[in-house]
Structure formats: C-alpha cells, structure tokens
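Descriptive structure summary
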Amino acid sequence: MSKKIAVLAGDGIGPEVIAETLKVLHAVEEKFGAKFEFNEALIGGAAIDEKGKALPDETLELCKNCDAILLGAVGGDKWDKLPPEERPERAALLPLRKEFDLFANLRPVKVFPALANASTLKAEIIEGGFDIMIVRELTGGIYFGKKGKGNDWASDELKYSVPEIERVAKVAFEIAMKRGKKVCSVDKANVLSSMVLWRETVEKLAKEFPEIELSHMYVDNAAMQLVRNPKQFDVIVTGNMFGDILSDEASMISGSIGMLASASLREDSFGLYEPIHGSAPDIAGQNKANPMATILSAAMMLRHSFGMEKEAKAVETAVNAVLEEGFRTGDIMQKNCKQLGTKEIGDEIAKRV
Ligand code: NAD
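Being a predicted model, the structure only gives us computed values, none of them experimental.

Below, the discussion takes up the site of the ligand. Taken together, 20 residues surround the ligand, and among them E89, G278, A280, D282 and N290 come closest. At 3.2 Å from a nitrogen atom of the ligand is found a side-chain nitrogen or oxygen belonging to H277. One nitrogen or oxygen atom from the main chain of G278 is found 2.7 Å from an oxygen atom belonging to the ligand. With the chains in place, 69% of the 800 Å² that the ligand exposes on its own is no longer accessible. Partitioning the shell around the ligand into residue classes produces 9 nonpolar, 7 polar and 4 charged.

Given below as structure tokens:
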C-alpha cells in the first residue's frame, strides 16, 4: 500500500530543496518497489498570497489524511511587515505542531567525515566523527507554562507531568535501542523540582529497557560536554527549553546549516519532517541551496514514520557517497571539491540510491 505524504514546499528555497527530495524519493520507489503518494499543498507566505492564511484549512485537512508531512521552509522579507501572529513561521509552523501533538523533536547531529573541517571544533575533538540524536520535548515545559505579569515582575511556569515525561523518554529509549543503546537524560534536578520528577520518571521507565545504559547530566554540564567531548553521547533526551538551546549548540559543532535534518513525532508513527534551516531568501531561485538537509529529513521519515530502515540507510549512504566523492553546494564548498547546483546535487544523490 502506498504511503501518503503531504508535501508542503513553502517559500524561498523551500520548493527547490523539496523538488530534489522528491527526486530522491522517486529513486527509492524505483530501487525498492516502495510506493509513495505525494500530495502538495500551500503553506507559509505562498499560502498567505493565494488563500489569505499561512496555514489554510485545506492544507490542514490534507495533512490529516496523510501518513507524514514533508516541509520545505516558510517565510521571507515580503511577509515580514505582517503582525507577528500572522507571519508565516508563527501562523503556520506552531499551529501545525500543536494540531498534530508533535511532542518529540528529533535532531540528529552528525559529522560527515568528508565535512569534518566545517565543524567549529578542533580536529582532534571530532576525529573519527560523532553521531548524536537529540530528543527534545516539544509541546510542554516552560514555553507552554502559565504566564504571569505584574507591575514590576513577570513569570513563566515550568511544569511537567509524568505522562509527558514518559512518552518523550520512551521515544528516546526506543531510538537508542536501534543505535548505541546509550541514553543521557539532561535536566537540572539539583535546582528545579520539575526536573527531580523528570529524573525519577526517566529512571523508572529505564527499568523497561534493561539493555540501555542510562546516565543523567545537569544541563550546564551538558552544554560544556557537547563542545569538550561530543563523542561520549549517543541519544540525549531533555525538556523543551534545554533541548532548544542544546540542539542549536550541537548543530553548530557539526558544520553547515544546509546539512541538518529534523523530525517531530506524534505518539503513533505520524511525523513532520523538515530541514532546520529557513527559506534563505538571499539564495532563493538561484539553484544554490543545499538540498541535503531536506533529503536527510526524508530519510528520517522513511525510518520513523514508515519503518523503512534499509530505504532510509540507502538515502543516507547516497548523501555520504556524494560528499566522499567531492561534490559540494556552495555552502559546504572546500578546496579540491567540485561545486554543483541544487538540481545537480539532487541528481547525484538520486543516482546513488
Ligand atoms: P535561514 O536559515 O533561512 O538562512 C541563514 C543563512 O544560511 C543564509 O545565509 C542562507 O543563505 C543560509 N542557508 C540556509 N539554508 C541553506 C541551504 N539549504 N543551503 C545553503 N545555504 C543555506 O535563516 P534566516 O535568514 O534567519 O531566515 C530567512 C527566513 O526564513 C525568515 O523569514 C525566517 O523567519 C524564516 N525561517 C523559517 C524557518 C522554517 O521554515 N522552519 C526556520 C528559520 C527561519
């Protein structure tokens, strides 16, 4: 049976990187006999222009009838003058995450050996590469807590319930079972009572995963350890705000923004897959964008929503092969490499699938 994918290309380089990703998914269909149904819909600035709304009702309906969402990027100068609550990022992405209860955000942070010198860290620290999966709780914690404001004070409540912690920790444990079987839970249990509950709950759940080596780390130490010795981590699980900060820190140590994929998952297999970069208006429409972050996000979709592990690996291996053979887009260009455009890189990756 074919898997239904909602394809939301969005603005700027969104349609360009999505086009290359569909090329690669077509190659997966050919190679493995998989069947995908691509359903395109408007989102972001493009949707505001045509439908007057960043997330039109028909786009939402279409997503509800699909098995996963593949998103390019939204936003751009043209819509920056709108009030904040009507701008594409806020009016399209936040409601999408909320509507589908996408509570677990996955960000792989990986150094491709061929791009090792794009990292901000010294060669000896990243030698041999590293491969971390950050699992961030996305729909709770301080960003969604009760807000208060008086004349000379303001407050944000940090509250987590046991079920909220359990479900995101379970995602982390299950992912670790398919990788290095190590989970590091990051909290601030020395100061915050919500984080004491976090730690207790993760520890209790760990009993169901006896093969997993569980460790705990305070968030300040985790921020330090990520730049001191990133190779020590396999899967990191943490709350919303800590995950926000740590995942941005971690993405910088891995190199270019054009390489970084992400997934946001619901409790069943449904998920939203998107690159972490924005719509890059400065290079839009010039065949310069790096499509690899979106292609790697699609590999995550194959793995996490469709259970297609060998197909996901084939896409990741193809990306790696293209890098090893010296093909680059401008953002990751290095000496003695061959610079290609968005379309040509997409062709090379599809060919290797
Ligand atoms: P950006 O990520 O779009 O661009 C930052 C820099 O990185 C730019 O120089 C850009 O050219 C470069 N870059 C980004 N992706 C690239 C790629 N795939 N290949 C090569 N180079 C790439 O961030 P920004 O400039 O702060 O934001 C531009 C617009 O995107 C804004 O409207 C912003 O609100 C929106 N935005 C959207 C999302 C999203 O859709 N999830 C995320 C962040 C920003």
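The rest of the description comes next.
Bringing the layout of surface pockets into the picture now. One number sums up the size of the largest pocket: a volume of about 850 Å³. Around the largest pocket sit 35 residues that line it, and M133, I175, M300, R303 and H304 are the ones nearest its centre. If you list the elements that add at least two residues to the lining of the largest pocket, you get β4 (104-110), β5 (131-137), α6 (162-177), β11 (261-265), α10 (292-304) and α11 (309-324). Examining the composition of the lining of the largest pocket, we find that 5 residues originate from one element, α6, more than from any other. Partitioned by chemical class, the residues of the lining of the largest pocket number 14 nonpolar, 6 polar and 15 charged. Residues lining the lining of the largest pocket come from more than one domain, with at least three contributed by each of domain 1 (1-102 + 267-353) and domain 2 (120-253).

Turning our attention to the packing of aromatic side chains. Summed over the entire model, instances satisfying the criterion amount to 5 aromatic pairs. Between F100 and F270, the aromatic rings sit 4.9 Å apart at their centres with planes inclined by 25°, giving stacked as the arrangement. One end of the pair, F100, is in the loop between α4 (88-99) and β4; the other, F270, is in the loop between β11 and β12 (271-275), and 170 residues separate them in sequence. Ring-pair connections join several aromatic residues into one group, and the members of that group are F36, F38 and F306. Its guanidinium or amino end placed over the ring of F103, R167 lies 4.1 Å from that ring's centre, counting from NZ or CZ.

What follows is about unusual backbone geometry. The backbone of D101 shows a phi angle near 50°, a positive value even though the residue is not glycine. Within the fold, D101 resides in the loop between α4 and β4. A positive phi is found at K181, a non-glycine position, where the angle reads about 60°. Mapped onto the elements of the fold, K181 is located in the loop between α6 and β8 (182-187).

Below, the discussion takes up empty space enclosed by the protein. Evaluation of the coordinates by the stated rule reveals 1 cavity of 30 Å³ or more. Taken together, G141, I142, L158, Y160, M195, G239, N240, M241 and F242 form the lining of the largest cavity. Per-element accounting of the lining of the largest cavity gives the leading share, 3 residues, to helix α9 (residues 240-253). Class assignment of the residues belonging to the lining of the largest cavity gives a composition of 6 nonpolar, 3 polar and no charged.

Our focus in this paragraph is the side chain of R328. Tracing the chain through its elements places R328 in strand β13 (residues 327-328). Although R328 is buried, it makes no salt bridge; E324 carries the closest opposite charge, 7.3 Å away. Within the structure, the side chain of R328 is placed 2.7 Å from the side chain of Q334, a separation counted as a polar contact. Those residues in contact with R328, other than ones at most four positions away along the chain, are A114, L115, V322, L323, M333, Q334, C337, K338, Q339, L340 and I345.

Here we take up the environment of E213. By the element assignment, E213 lies in strand β9 (residues 213-218). Separated by 33 residues in the primary sequence, E213 and G180 place their C-alpha atoms 9.2 Å from one another. If sequence neighbours within four positions are ignored, E213 has contacts with K181, K182 and V183.

Criteria and cut-off values
Residues numbered from 1 in each chain as written. Predicted model: local features only at pLDDT ≥ 70, side-chain atom pairs only at ≥ 80, totals over all residues. Heavy atoms only, no water. Near = heavy atom within 4 Å. Polar contact = N/O pair within 3.5 Å; in protein donor to acceptor, adjacent residues only side chain to side chain. Areas by Shrake-Rupley, 256 points an atom, 1.4 Å probe, with all protein chains shown as cover. Nonpolar A, V, L, I, M, F, W, Y, C, P; charged D, E, K, R; others polar. 1 Å grid on protein atoms, 1.4 Å probe; cavity = no way out; pocket = protein on both sides within 12 Å on 5 of 7 lines; lining within 4 Å. Points joined across faces, edges and corners; volume = space filled by probe spheres on them. Helix = DSSP H or I, 4+ residues; strand = E, 2+ residues; numbered from the N terminus. Domains from an automatic or database assignment. Phe/Tyr/Trp six-rings, centres within 6.5 Å; stacked < 30°, edge-to-face > 60°. Lys NZ or Arg CZ within 6 Å of the ring centre and 35° of its normal. Buried < 20%, exposed > 50% of the residue type's maximum accessible area, 1.4 Å probe, protein only. Lys, Arg positive; Asp, Glu negative; His and termini not counted. Salt bridge = Lys/Arg side-chain N within 4 Å of Asp/Glu carboxyl O. Contact = heavy atoms within 4.5 Å.

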